[in-house]
Each structure stands twice: as structure tokens, then as C-alpha cells.
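As a plain string of letters, each chain reads:
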Amino acid sequence: MNTSQLNIPDTVFFAVLAGIAALAAIGVVAFPNAVRSALCLVVNFFMLAFLYFTLNCEMLGITQIVVYTGAIMVLFLFVIMLLNLGSPQAFFERRDLKWIGGGLFGLGLLVVVGSQVLPPLLKFTQVRAEATFGSPQSVGLSLFSDYLYPFEIVSVLLLIGIVGSILLAKRRIE
Amino acid sequence: MGWYHHLNPVLQDVLNALGRVLLFLVPVLLLVPGCIWWERRFLSWMQDRIGPNRVGTLPKNAKWLPGFLRGRSFFGLLQPIADGVKLFIKEDITPATIDRAIYFFAPAVALFPAFALGGVMPWGPYRNLTPIADVNVGVLYMLAVSSLGVYGIVLAGYASNNKYSLMGGLRSSAQLISYELAMGMSLACIVLANASLKLTDMVDAQMQPLWGAVPFLQNWFILTPFGFVSACVFLICMVAETNRAPFDLPEAENELIAGYHTEYSSMKFAVFFMGEYAAMFVFSGVFATVFLGGWNPLPIRWATIGAPGVQHFVELTAPIWFLLKCAIGITVYIWIRATLPRLRYDQLMALGWKSLLPLATGNFIVVALWIMATRLYGAGAGWGVSVLALILVFGIYKAFLQGPKAKNELVRRQVRLVDPARSTAALAKPEPEAPAL
Amino acid sequence: MNGVPLVAYLGLGLFMFTCGVVGVIIRRNPIVIFMCIELMLNAVNLTFLAFARYMPAKMIAPGVGPLHSATMSGQMMVIFVMAVAAAEVAVGLGIIMAIFRLRNNVDIDEMNLLRG
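Here the structure is a predicted model, which is why all the values come from computation and not from measurement.

## Quick word on the overall build of chain A
Thought 1: Looking only at helices and strands, chain A has 6 helices and 0 strands in total.
Thought 2: Overall, chain A shows an N-to-C arrangement of helices and strands of α-α-α-α-α-α.
Thought 3: Taken over 174 residues, chain A has a buried fraction of 34%.
Thought 4: Of the contacts formed within chain A by residues at least 6 apart in sequence, a portion of 54% connects residues at least 24 apart.

Take a look at the structure:
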């Protein structure tokens, strides 16, 4: 990597965002309390949205906040609290040998994949995409022309998801 | 300003942004106490009471005052300051069994979205002062930030470790998710008609001729047929998103003893309170920006009726008109609170899912039809089609969603003390005694 | 943001993905396991977007088309991943609620009805 290309403010900004995101990711796994885990995940998703902004993908960054922190994580918190209201003891979690085994496995995965995949990619430091590639206009154009069929299929999938979750959540009528 | 130009350009950007943030935040923070005063006075006026009118009365026999000011009361204008002092010096009780970190974190989270919402809202025609960031995903940004409002309430309810607070938090999360959908749909109609997500573009589009045909009026979105439907849906969702009456179920005091902020006292309660009023203020501003032509006081295009001077004056005094619109919005909030009783939970859900969401979705299709018809057959056909389609949407809505089935549901939930059919039968012939259970 | 190399984003994505894998292995609460899956999906999303922006030439398959459509494919994948994740969460949380209603317990190690 050529150090002359390093832009100090950008790098510091990225390091702060990435650091918070990584800490939050650890928090999701390590907090024994499910609500704390969920909050860490919210922080992580927020930082990811900011990282998407730094990648010039403003449309997807804002979608990330709307979809993940605004809807999915609220749903998670809702369910956690609903179950917590039913029986507060349901979330007591034992810690055992699995923690050590899982941690070692994770470390191994990180080292193996990191050492094999990342080095050949070190030379890519130049941005190739144009600056407006993440604007709502270009995303919308692409979504409704080249990717129209996948888009429609995904909408059907969402409809099925809605119907399925209503069926699951409905109390059986005796 | 010599020192400014010697700075690093990045630092210059940061300073500019900070200045714009202060220009937005300081007025909002200063006006929140005014909102509280206005709410108490206006509410008491509507309820035929006097309301707070004493704090701020000048002493009667002070020699140093001119005669006409002695003993004068200023409508209790200093009441919010007294309230603030009271909240500051009250005992700050922290319950013993709370989730400590989240408990202290929640009020800050509740305050954040109210202020962040103003980040893309232009309060005048001055592009280098406002909005704070004119991003090209402005409307989505607003939706994203307003969807974060639920976290403060949910976390406060959870951290209080109290059954009723938790219920308040749960109710609030269900309510906010439900109304966000209709709100997003109603904004999507405007975005589709406007073909831009930028709020500054939206204000500019509203300064064009009305319906593309009346040159001396401005095209405020509330004056177009689909824009009017959108505005109605958005107004209701806006009240629900700020947890104000009649949608104040999360803090219903007679069912949940104030819900999520039961366990909060002193300054922490004041922060929740301030967040609510700031949210009201900023949501009123958003409504004004999206539907009421932003900072324009009247939907008149002064330049085309031969008064460009008035246009210059309006542009110069834009913040005043914008603040006036926000004040009117808050007055409407208070008016609604004084008029409507609180909804029941099932009514709240039925209104959100069965009325507002279908209406907003139908409206979205109407906008699409309008665009198609305008492109194919010209503007007149477009407006004709959109009005006809809206009438059709209302007809379908009336027939299916408020039709016989929905009526049955209402009847089933009525409390009937005496069953009329049974009582007439009982009058005709005495019923045999029911066997003891 | 021009000074940050592609590898920085990929490294963060890899770290988050590993956290998700470890969480799925060691946690017992199905909701937390679900959250870890979301974490993995988001790590992949970040990778997609990073590649879409830096877009190493070898990553473009021949015949995909001009530069523009190749940049968009990464973003499109992210949109579809988000939509699928939303559907998955709606159904998955419904299943967890149903199990909880049935057994009044959500420990994943005790869900062994099918063990025979």
C-alpha cells in the first residue's frame, strides 16, 4: 500500500466508525443480557449505515437505518420484552465450555480467512465507481430496469412472510 | 475573517456545519418553554379555566418601575422558567432495581430524534445557512430519524423494571411501527409526485404555478387532491408519532400510571418532556415544509401579480413565517388534545392498519395514475383522472373497510346492559329459572 | 472517503462475520442467535458495497456489461439481502413466539422434542 495515498482525516474517521462497529459486534455476542445484545446490534447497524455513507452509498445507508434500526431491531426488542414480561427467568444463560471452544473456533476462522483472502486484495486502494453510484436516482433506475424480476420476486417473498407471520402469531380459535 | 480562511478546508466544513446546527438548535431550544406556556394557556382557555397567570407579575409598589408597569402581570409568561427551576431542584429519585446504564441512557435517546429530524428541514431560502445538510435522501432521512423515536420510550420502559412502564414501552413500539407505515406511504405519494427526495426541491416545486395552470398561486401540495389526502394521513400519523393525545396510550395515566416515565423524576423527566415538545415543534415544521410550501406565508406568487417587492420582503423575513407555521402546528396539536378523548388500544390499531394505511396506499396508486394520465393525455386529463380515482378509492374504502363487516365488529364490542331481544321476550312470557351453576 | 483501502472494509466485514459465527455457536437464546445471523448478513452487505465501490477488475465477470451495471449489482444484492432479512425476521420471531407459548421456555439446548 502506498502511504502517500493515505488521507489522514478520512482514515481517522473510518477507524473510529469501524472500531465502534467492531466493539458493538463483540458486545452482541458477549453480553449475557439479551436486551444489551440487541442494543449493541443497534449501535453496530448505525455505524454500518455511516460506513455505507463513507462508501458513497447514501441510499443504502439510509435504507439500512430505516429497515434495520427502525423496524427489525424494534421488532427484536419488542419480542424480547414480551417474552421477558411473560417469564423474567427465561433469559438466564449459563456459561460453559462452549464459550472457550466457540472463541477458539472464531479466532481460527479469522486467522485462516484473513490470511488467505485479504493479502491479494491489498493493492486495491483506488475508487473505481463514479461518485453518484449510490444516489437514489441510479439505484432506482437499476432496480426498476435490470433487476425488475428479482424485485418483484422479493416483493412476493415479503408478502409470503407477512402472511406466514400472521398465521404463526394468530391464536388458534377453539 | 482572516483566521477562517487560513484553516484546513476540512475544519472549515466542520465549523460551517456547527454554525448551521446552532442556527437551528438554539431557536428550537428557546421556543420549547414557550410551547409549554402556550399549551397551558391555550388549553385552559379552551376548557374555560384561567390557567397559569401569576408568575412574572411585577411588584405593585416598586418605586423604580414606571407607573404603567407596576402590578402588571404578563399572562404568566415566566411560568415555564418557574417550572424548569422546580424540575431542577426537585429530589432526584433513582429506583433500586433498575437497569442502571440503560435507565440513564434512555432520556438522551428520547431527545435525539426530535432534534435530528430538523437536519434536512429548510427554514428559509438561504442555501448556505439552511438546511444543515441538503442530502439527496432527505425524506428517507426524516423517516429514518423519526423511526428512532421509539427507542427512548422502549428503553425507558424496560430499564425502569416496572410492569406498567414496560407495558407502556411495548404499546409505544407497536404504535410507532404501525403509524410509521402510513406516514411513509403518505410521504411516498409526495415524493412520487415531486420526483425528488430533497426537501429544498420540494419547497421549490411548491413555488411553481398551482396545478401547473393558475399562474398567480403557488402549488402547495395540500392544495392538490392527492396532496390533501396525504396531508390528512400525515397529520394523524404525526400526532401518533409524537405520542400526543389522543394517541398518548404509552403514557395513559389512568391505565399505566404515566407509563414509561413513571420511574423518572426531576431532570430526567424534564428531558422526556422537552423531547416531546421539541418533537411537536419539529414535526410541525416538517408538515409545513412538505405540504404548506415551506417558508412561504401565503400561496401567492407575488412576482407574477406585479409585486416582486413583496417577494423580496417574504424571502427576507422567511424564518418568521416558518416559525409562525410551526406555532400554528403546535396550536393544532393542543386543539386536538383538548377535543378528542384517548383511543382504546384496538381502535388505535384499527385506525392505523385498516384506515390510514389503505388510504395512503390507494393515494399512492392515484398519484401514479395522475403521472401516467398527465404524460399521455395532458394536464387536464391528469387532474380529472386523479379526482375520479380518489373518489373511487374512497368508495372502495367505505364499502369494504367501513362496510357491514366492520359495523358488526363495532356492535360486538358494545357493552349492552340489557339485551333488547331478550327483554322483550321476557316481557311476553316469564322465562324458566336458569339452573344454578 | 478516498484514502481508505478496500482491505479495511473487508477486514471489518470479516471480523463482524466471525463474531456472528461465534455467537451462533455459543449462545443459547434463539433470539440472540437470530441477531447473530443478522450480524453475519450485514457483514456480507458491507463486503458487497465495498467491492461495488472499489470493484477490482478481476471481479467483473466477462459479459456482465458496462462499468455502471457492474457497480450497481453489488447494491442490488444488498437491497435483496435486506428484504429477505426482513421477511426472515418476521417469520422467525413468529416461530420463536409460538415455541415460547407452547413450552414457556426458549433455551435452544432444551428444544429436543424431535430427538426420539
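## Thoughts on the overall build of chain B
Thought 1: Helix and strand content of chain B: 17 helices and 2 strands.
Thought 2: Taking all 437 residues of chain B together, 39% fall into the buried category.
Thought 3: Pairs at least 24 apart in sequence give 74% of the contacts found in chain B among residues at least 6 apart.

## With respect to the confidence of the model for chain B
Thought 1: Confidence along chain B averages 81 in pLDDT terms, with 89% of residues attaining 70 or more.
Thought 2: Among the prediction metrics, the complex's ipTM stands at 0.85, with pTM recorded as 0.84.

## Here we look at the packing of helix α1 (residues 8-30) of chain A against helix α2 (residues 34-54) of chain A
To characterise two packed helices, one gives the angle between the axes of the helices and the distance between these axes.
Residues and elements named next belong to chain A.
Thought 1: Packing of α1 against α2 brings their axes to within 8 Å, and their N-to-C directions diverge by 155°. With respect to each other, α1 and α2 are oriented roughly antiparallel. Seen along the crossing, α1 lies across α2 with a hand that is left-handed. Between α1, through F14, L17, I20, A21, A24, A25, G27 and V28, and α2, the contact on the second element is made entirely by S37, C40, L41, V43, N44, M47, L48, F50, L51 and T54.
Thought 2: In the contact of α1 with α2, the residues fall into 14 nonpolar, 4 polar and no charged.

## Thoughts on the packing of helix α6 (residues 149-159) of chain B against helix α7 (residues 163-194) of chain B
Residue and element names in this part refer to chain B.
Thought 1: As a packed pair, α6 and α7 sit with axes 7 Å apart at the nearest point and diverge in direction by 160°. Here α7 runs roughly antiparallel to α6, going by the angle between their axes. The two elements α6 and α7 cross, and the hand of that crossing is left-handed. Residues G149, V150, I153, V154, A156, G157 and Y158 of α6 pack against S165, L166, G168, G169, S172, S173 and L176 of α7.
Thought 2: Across the contact of α6 with α7, the residue classes break down as 7 nonpolar, 7 polar and no charged.

## Things to note about the interface of chain C and chain A
Quite often, the size of an interface is put as the accessible area lost when its parts meet.
Thought 1: Taken together, the contacts link 65 residues of chain C with 77 residues of chain A.
Thought 2: Contributing elements (two or more residues each) for the side of chain C that touches chain A: α1 (6-26), α2 (30-54) and α3 (67-103) of chain C.
Thought 3: Take the side of chain C that touches chain A: its biggest share by element is 24 residues, from α3(C).
Thought 4: Residue composition of the side of chain C that touches chain A, grouped by class: 49 nonpolar, 13 polar and 3 charged.

## Brief notes about α6(B)
Thought 1: With 11 of 11 residues buried, α6(B) is to be regarded as a mostly interior element.
Thought 2: Regarding α6(B), the residues found buried are B:G149, B:V150, B:Y151, B:G152, B:I153, B:V154, B:L155, B:A156, B:G157, B:Y158 and B:A159.

## Some remarks on the nonpolar core
Grouped burial of nonpolar side chains is what soluble globular proteins tend to show.
Thought 1: Of all hydrophobic cores here, the largest spans 179 residues; its most connected members are A:V28, A:A38, A:M73, A:I80, B:C237, C:M35 and C:L49.
Thought 2: Considering each element in turn, this core owes the most residues, 16 residues, to helix α3 (residues 58-86) of chain A.
Thought 3: Residues contacting C:L49, with those up to four places away along its chain left out, are A:Y52, A:L55, A:C57, A:L60, C:G74, C:Q75 and C:V78.

## Here we look at unusual backbone geometry
All names here are of chain B.
Thought 1: A positive phi angle, close to 60°, is found at D48, a residue other than glycine.
Thought 2: The class of D48 is exposed, set by 6 C-beta atoms lying within 10 Å.
Thought 3: With phi around 60°, N243 is a residue other than glycine that occupies positive phi space.
Thought 4: Along the chain, N243 turns up in the loop between α9 (225-241) and α10 (253-256).

## Some remarks on the interface of chain B and chain A
Thought 1: Taken together, the contact between chain B and chain A spans 19 residues of the former and 18 residues of the latter.
Thought 2: By residue class, the composition of the side of chain B that touches chain A is 15 nonpolar, 4 polar and no charged.

## A word on the pairing of strand β2 (residues 214-218) of chain B
All names here are of chain B.
Thought 1: Judged from the 2 bridges that link them, strand β1 (residues 209-210) and β2 form a sheet pairing that is antiparallel. Across the sheet, residue L210 finds its bridge partner in β2, namely V214.
Thought 2: Here β1 folds back onto β2, and the loop between the two strands holds 3 residues, one of which, W211, carries a positive phi near 50°.

## A look at helix α4 (residues 100-116) of chain B
Residue and element names in this part refer to chain B.
Thought 1: Taking 1.5 Å of rise per residue, the 17 residues of α4 would be expected to cover 24 Å, and the 25 Å separating its terminal C-alpha atoms lies within 8% of that figure.
Thought 2: At A106, α4 shows its largest bend, some 30°, and a proline, P107, comes one to four positions later.
Thought 3: If you check which residues of α4 are buried, you get Y103, A106, P107, V109, A110, P113, A114 and F115.
Thought 4: Contacts made by the buried residues of α4 are with α2 (9-46), α5 (138-147), α6 and α11 (266-291).

## Quick notes on the environment of B:R72
Residues and elements named next belong to chain B.
Thought 1: Residue placement: R72 occurs in the loop between α2 and α3 (79-89).
Thought 2: Owing to 12 C-beta atoms within 10 Å, R72 belongs among the exposed residues under this scheme.
Thought 3: Separated by 243 residues in sequence, R72 and E315 place their C-alpha atoms 37 Å apart.

## A look at the confidence of the model for chain A
Thought 1: With 88% of its residues at a pLDDT of at least 70, chain A reaches an overall mean of 82.
Thought 2: Per-element confidence in chain A ranges from a low mean pLDDT of 84 for helix α5 (residues 136-143) of chain A to a high of 90 for α2(A).

Analysis parameters
Residues numbered from 1 in each chain as written. Chains lettered and ligands numbered in written order. Predicted model: local features only at pLDDT ≥ 70, side-chain atom pairs only at ≥ 80, totals over all residues. Helix = DSSP H or I, 4+ residues; strand = E, 2+ residues; numbered from the N terminus. Buried ≥ 20, exposed ≤ 12 C-beta atoms within 10 Å, placed from the backbone. Contact = placed C-beta atoms within 7 Å. pLDDT = per-residue confidence, 0-100. Axes fitted to C-alpha atoms, helices over the stretch in contact; angles between N-to-C directions. Parallel < 35°, antiparallel > 145°, perpendicular 65-115°, else oblique. Left-handed = near helix turned anticlockwise from the far one by under 90°. Nonpolar A, V, L, I, M, F, W, Y, C, P; charged D, E, K, R; others polar. Core = buried A, V, L, I, M, F, W, Y, C linked by C-beta atoms within 7 Å. Pairing = 2+ DSSP bridges. Expected span 1.5 Å × (residues − 1). Bend = angle between axes of the 7 residues up to and from the residue.

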